[in-house]
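Architecture at a glance
The lines below spell out each chain.
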Amino acid sequence: MHTTLADELRRYDAVIHLRTPPLENGYNRRNPLRTETAIEAAAVDLRILRVWETHPRRFVVDATPDFLTRAARVLELMRAELPEC
């Protein structure tokens, strides 16, 4: 691919990582797009978390029982990153 991790990280001004909820905090298979078990999803989530750990503008949003609480946090982060209109 003729690229480096540093090159790829520079492509993104900011990264917002929404952590996968654990089984006891809402992870279930009712969503047909979820193909992994909770354990498999947690492993993928951890790998993604590690890949982005050196990005200078990485924000991690933990899972919450109420998705709207988490969505509000994401919107807050996005507003802080975007220039004033």
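Our structure is the block above this text.
Quick summary incoming for the structure in this document. (Residues numbered from 1 in each chain as written. Predicted model: local features only at pLDDT ≥ 70, side-chain atom pairs only at ≥ 80, totals over all residues. Heavy atoms only, no water.)

Attention now goes to the overall build of the protein. Regarding its fold elements, the protein presents three helices and two strands. When the helices and strands of the protein are listed from N to C terminus, the series reads α-β-α-β-α. In terms of overall size, the protein is more extended than a compact globule, its C-alpha atoms giving a radius of gyration of 15 Å where 85 residues would be expected to give roughly 12 Å. Among the 85 residues that make up the protein, the fraction classed as buried is 20%. Look at the contacts in the protein between residues 6 or more apart in sequence, and 64% of them connect residues 24 or more apart. Total accessible area on the protein is roughly 6,800 Å²; 59% of this is exposed by carbon and sulfur atoms. For the protein, the centre of its 13 positive side-chain charges and the centre of its 13 negative side-chain charges are spaced 3 Å apart. (Helix = DSSP H or I, 4+ residues; strand = E, 2+ residues; numbered from the N terminus. Rg over C-alpha atoms; globule rule 2.2 N^0.38 Å. Buried < 20%, exposed > 50% of the residue type's maximum accessible area, 1.4 Å probe, protein only. Contact = heavy atoms within 4.5 Å. Areas by Shrake-Rupley, 256 points an atom, 1.4 Å probe, with all protein chains shown as cover. Lys, Arg positive; Asp, Glu negative; His and termini not counted. Charge placed at Lys NZ, Arg CZ, Asp CG, Glu CD.)

Under the criterion given, the structure shown has one aromatic pair. For the pair Tyr12 and Trp52, a centre-to-centre distance of 5.2 Å together with 90° between the ring planes defines the contact as edge-to-face. Taken together, the residues Tyr12 in the loop between helix H1 (5–10) and strand S1 (15–18) and Trp52 in the loop between helix H2 (38–51) and strand S2 (58–61) connect sequence positions 40 residues apart. (Phe/Tyr/Trp six-rings, centres within 6.5 Å; stacked < 30°, edge-to-face > 60°.)

The quantities given are spatial measurements derived from coordinates; they are silent on function.
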